[in-house]
Each structure stands twice: as C-alpha cells, then as structure tokens.
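Commentary on secondary and tertiary structure
Take a look at the letters that make up each chain.
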Amino acid sequence: TMATENRINFWRRKAKLPGRYHKDTKTKLNNLKTKKASSFHEFAHSTSDAWDIGEEEDEESLRSPAPSATPPDLSMQTKVMEIALPVRPLIPLVARISDQNASGALPMTVREKSRLDKFKLLLASPSTDLEELRKHSWSGIPREVRPTTWRLLSGYLPANRGRRELVLQRKRDEYFAFIEQYYQSRTEEHHRDTYRQIHIDIPRTNPLIPLFQQPTVQEVFERILFIWAIRHPASGYVQGINDLVTPFFVVFLSEFVMEDVENFEMSALPLQTQRNIEADSFWCMSKLLDGIQDNYTFAQPGIQNKVKALEELVSRMDEDVHAHLVRCEVEYLQFAFRWMNNLLMRELPLRCTIRLWDTYQAEAEGFSHFHLFVCAAFLLEWRKQILSMSDFQGLLMLLQNLPTIHWGNEEVGLLLAEAYRLKYMFADAPSHYKR
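This is a predicted model, so every value here is computed, not measured. (Residues numbered from 1 in each chain as written. Predicted model: local features only at pLDDT ≥ 70, side-chain atom pairs only at ≥ 80, totals over all residues. Heavy atoms only, no water.)

**Digging into the overall build of the protein**
Looking only at helices and strands, one finds 22 helices and 0 strands in the protein. Taken across its 435 residues, the protein has 55% of its residues classed as buried. By element, 52% of the accessible surface of the protein is carried by carbon and sulfur atoms, the whole surface being about 19,700 Å². (Helix = DSSP H or I, 4+ residues; strand = E, 2+ residues; numbered from the N terminus. Buried < 20%, exposed > 50% of the residue type's maximum accessible area, 1.4 Å probe, protein only. Areas by Shrake-Rupley, 256 points an atom, 1.4 Å probe, with all protein chains shown as cover.)

**Digging into the packing of aromatic side chains**
In the structure shown here, the tally under the stated rule is 25 aromatic pairs. Each ring, one from Tyr-360 and one from Phe-367, has its centre 5.3 Å from the other, and the planes form 80°; the classification is edge-to-face. Residue Tyr-360 is classed as buried on the basis of its relative accessible area, which comes to 1%. A centroid spacing of 5.9 Å and a plane angle of 85° characterise the contact between Phe-378 and Trp-407, whose relative ring orientation is edge-to-face. Residue Phe-378 is located in helix α19 (residues 366–381), and its partner Trp-407 is located in the loop between α21 (392–400) and α22 (409–426); the two are separated by 29 residues in the primary sequence. Each member of the pair Phe-378 and Trp-407 is classed as buried. Clustering of aromatic rings is evident, with ring pairs tying together Trp-138, Trp-150, Phe-248, Phe-252, Trp-357, Tyr-360, Phe-367, Phe-370 and Tyr-420. Cation over ring: Arg-186 sits above Tyr-195, and NZ or CZ is 5.7 Å from the ring centre. (Phe/Tyr/Trp six-rings, centres within 6.5 Å; stacked < 30°, edge-to-face > 60°. Lys NZ or Arg CZ within 6 Å of the ring centre and 35° of its normal.)

**Considerations on the pattern of salt bridges**
Evaluated as defined, the whole model comprises 16 salt bridges. Between Arg-223 and Glu-278 there is a salt bridge, with its nearest N and O atoms 2.8 Å apart. Placement of the pair is Arg-223 in helix α12 (residues 215–231) and Glu-278 in helix α14 (residues 271–290), with a sequence separation of 55 residues. Comparing Arg-223 with Glu-278 shows no difference in burial state: the two are buried. Between Glu-347 and Arg-338 there is a salt bridge, and its shortest N-O distance comes to 2.8 Å. Take Glu-347 and Arg-338: they sit in the same class, and that class is buried. Sharing partners across several salt bridges, the network here consists of Arg-151, Arg-172, Glu-255 and Asp-280. (Salt bridge = Lys/Arg side-chain N within 4 Å of Asp/Glu carboxyl O.)

**Observations concerning α14**
In a regular helix each residue adds 1.5 Å, so 20 residues correspond to 28 Å; α14 covers 29 Å between its end C-alpha atoms and thus fits that length. Where burial is concerned, most of α14 is hidden: 15 out of the 20 residues are buried. (Expected span 1.5 Å × (residues − 1).)

**Looking at unusual backbone geometry**
Its identity as a non-glycine residue notwithstanding, Asn-206 has a phi of 50°, on the positive side. In this structure, Asn-206 sits in the loop between α11 (189–201) and α12. Residue Asn-206 is classed as buried on the basis of its relative accessible area of 4%. With a phi angle near 50°, Asp-260 is a residue other than glycine that sits in the positive phi range. Checked against the element boundaries, Asp-260 lands in the loop between α13 (241–253) and α14.

**Describing helix α18 (residues 350–362)**
Taking 1.5 Å per residue, 13 residues should reach 18 Å; α18 reaches 19 Å between its end C-alpha atoms and fits that length. Most of α18 is tucked away: 13 of the 13 residues are buried.

**Some remarks on the environment of Met-389**
Within the secondary structure, Met-389 sits in the loop between α20 (383–388) and α21. Exposure remark for Met-389: the relative accessible area of 27% places this residue in the partly exposed category. Met-389 has contacts with His-324, Cys-328, Gly-394, Leu-395 and Leu-398, leaving out every residue within four places of it along the chain. (Contact = heavy atoms within 4.5 Å.)

**What about the side chain of Thr-353?**
Tracing the chain through its elements places Thr-353 in helix α18. Residues contacting Thr-353, with those up to four places away along its chain left out, are Pro-247, Met-345 and Leu-348.

**Details of the nonpolar core**
Grouped together as the largest cluster of nonpolar side chains are 116 residues, with contacts concentrated most on Phe-249, Leu-253, Met-285, Leu-310, Leu-325 and Trp-357. Broken down by element, the residue count for this core peaks at 11 residues, all from α19. In this structure, this core is formed jointly by two domains, domain 1 (148–291) and domain 2 (301–428), each of which donates at least three residues. Once residues within four sequence positions are removed from consideration, Leu-310 is found in contact with Tyr-332, Ala-336, Trp-339, Met-340, Leu-372, Cys-375 and Ala-376. (Core = buried A, V, L, I, M, F, W, Y, C linked by side-chain atoms within 4.5 Å. Domains from an automatic or database assignment.)

**Structural notes on the environment of Thr-297**
Residue position: Thr-297 is located in the loop between α14 and α15 (301–317). Looking at Thr-297, the relative accessible area reads 18%, which means it is buried. In this structure the C-alpha to C-alpha distance between Thr-297 and Pro-233, which are 64 residues apart in sequence, comes to 8.9 Å. In this structure Thr-297 touches Ala-234 and Ser-235, once residues within four positions along its chain are discounted.

**Considerations on the packing of helix α7 (residues 110–124) against helix α8 (residues 130–137)**
At a minimum axis separation of 10 Å, α7 and α8 run at an interaxial angle of 160°. The orientation of α7 with respect to α8, classified from their angle, is roughly antiparallel. Two packed elements cross with a definite hand, and for α7 against α8 that hand is left-handed. Here α7 contributes Arg-115, Lys-118, Phe-119, Leu-122 and Leu-123 to the contact with α8, which in turn contributes Glu-132, Leu-133, His-136 and Ser-137. (Axes fitted to C-alpha atoms, helices over the stretch in contact; angles between N-to-C directions. Parallel < 35°, antiparallel > 145°, perpendicular 65-115°, else oblique. Left-handed = near helix turned anticlockwise from the far one by under 90°.)

Right, here's the structure in full:
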C-alpha cells in the first residue's frame, strides 16, 4: 500500500534518525450509538463510566456520613469524566509490571553494557549534559540508572551533581511539610468530596497487582493525590490522575527492589526510604502534570483539543481507516478520550508504559505533543483488525480492549519509531492535523 511504501521510503531516506467486560456493557454500547452526541458535553452526559457498573454498593460503603453537596465545578468534572470506559480485562501480574529492560535479568550484550556505561558516565559528570542524556534516553533507559535519569529529565534534580543531595533533601522536606499542613483537612467539608473520590479510585489502580493493594501503598497514593489536588485548585483531582503516579512509584521503588516488584511488601523498607519514594513520586508526577494540566481543568479542554487533533491527523494519514470509523459511526472521543486522559496507561502493560515514558521524558513536549503522534501510530497499528470489522459494537469493543497483553520493548520501540516518522512528516505542517 501507499502507506507502507511511505514508511519504508522514510526510513531509507532517514536511516540515522532515532529510531471485565460487564454483562451490561453491550447495552451501554448500543446506547452510545443511538445517542450520538453533537458536542463534548452532550457526549459526556449520554454516557457513564463502565467501571462504575455494579459498584454502587461499594461506593456507598465508602461514603462519608451525610456528605455535603458536590460543588458545581466538581459535579461538572465528574460528568465530563463519565466516558464509557470498559472495565480493565484480567491480565496476569507478570504482564503488568515485569520490567523488560535492556539491563534486566538476562546477561547484557556488549552493546547494552556500552549503553549503560555511557549513562553512568553522564550521570557521574560534575554537570550532566541534559541534551546528551535525552539523546541516549530516547531509545530506552537501562533499569539501573532509570530512577536518577527520570529525576533529571523531569527537572526534579539539577544537572549539577554537587547540588543534587541538597535539592533532594529540601524537596522531600517540603513535601512532608505539605502533609503536615494540609492532610488533616481531608475530613473537612470543603475537601471531603475530593478525598472520597481519591479513596474510591485508589483500589482501582492496578487492581490485580498485590503491591498496589497493600494499605501502606494505598495510603501513599492517597497522600500524593490529595496534596496535589488541593495545591492545584484550577483542576483539583480528576479520575485518571491516580494512574499517573504508578510509573514513578515503581521506578523509584526499583532502586531498592531488584525482582518481583509486584509482590514486594512495601512496609519491609525503612520508613525513611518509603518517605523518599513517596516524595520523589509526588514531585515528578507534579512536573509531568504541569505540562498537561489543561487536560484536567474544567471541561478538560486539553483532551477535547487532542482528540480533535488525532481525528484530523488520522484523516490525513490513512483516509481508509478514518472513513471506516465514520461509516461505522464510531467517534474518536469514544476511545481516544481515555488514551489522552490516561496517557495510554489503560491500553498497555505497565512495563510498556515505563519504557514509553523513557522516550516521553527525552522528547521535547513528550507528554503534551509527541503523545498525539504515538496515539495515531497506536491506532494505525490495528489497521487490519479495524477494517475487518463493520459493526459499531465490535469495533468499539476492539478499540477499548486492544490486545497488548504480551507487548514488550520491541513493540514499544516500533510504535515510537513510527510515531517519530509521523511527527517528522506532519509536525511542521500544522494544517495537516489542525482544523
């Protein structure tokens, strides 16, 4: 096909470039088709979160006595977030968190050892060259040096090696000062609804991984999310933000746990180590959200714009796929809302998200801009399956439950290479993907 030829020719020319489903969900899908929305708000009002189906009793048991009325802005945000998201399918633990990494359990090749040495040399420099670090990180960061590299790439740590320990101590102390100052207010009337929603969402975060069901870990996540929410009143807490803590938490925990992270008992670590992991996860997640906060402000304009941009981009890149989605009356918002809101975390195993974020942090505006091209490449990865389905229900269920369970580094690497190719071809021509 022409698309295939363009892809092959691109890499020939640019060879040196970096390379539970619930029983009621069927009814909800049919309702989606009959209640076709003409606007973001109409669509949001006509759908609900499939995660909440059958869970009313669970939520009621968590409800505070005589809760206060939800403020108007939080109520609207809740409605905006009520997009039809299917329950995450059962996935083996190893597929969610095992770290397929160039420096993993298998003996390293000469090339992998050489890459690791380059990272170590850069990190040991009196002043780390961040541009060089980004260049090496784009194609993946070895497990041994990922925690420090992520701290540097997120802007949490300074490039000057001599200042790092002082900065870490100051920022960690600052975070726990926030805890001391604000966390007790979670039971107060004006924060009760925020804390309640966080308390409901935390057990849903990677529900099949024992690590994230430990009370100690869930308390860490509750503190992180509550402090972030009250320090960012323009958005407050929105469902989906809870997922964004996970990669940072796992990466910083991996400094102290070499294997079987999914079953590790967090309370076995010294208290100070637990506190350091918590504080570092908070600050790095905050740095990430600084660049995409319009995704979570009132009415979530950032996500609306990104979904529209994705639709326009795909219509230019692959007219057949776009026309097929239109013909089947599948709207991009019905599947891509989650892709933007959760940065593909609900679509990929956790190990793949961590690898993806290596590149996002190395790429300029990786989370806010490059993610668009990754989503486009991700959609077209399933081109054959999409074109083989002609019914609305089957097609939407495919797009909301894509079979990535066995994905690893190789699949993510190919996805990123294709996203880079698309960015190279379209980024300098905004009219290609903006109306």
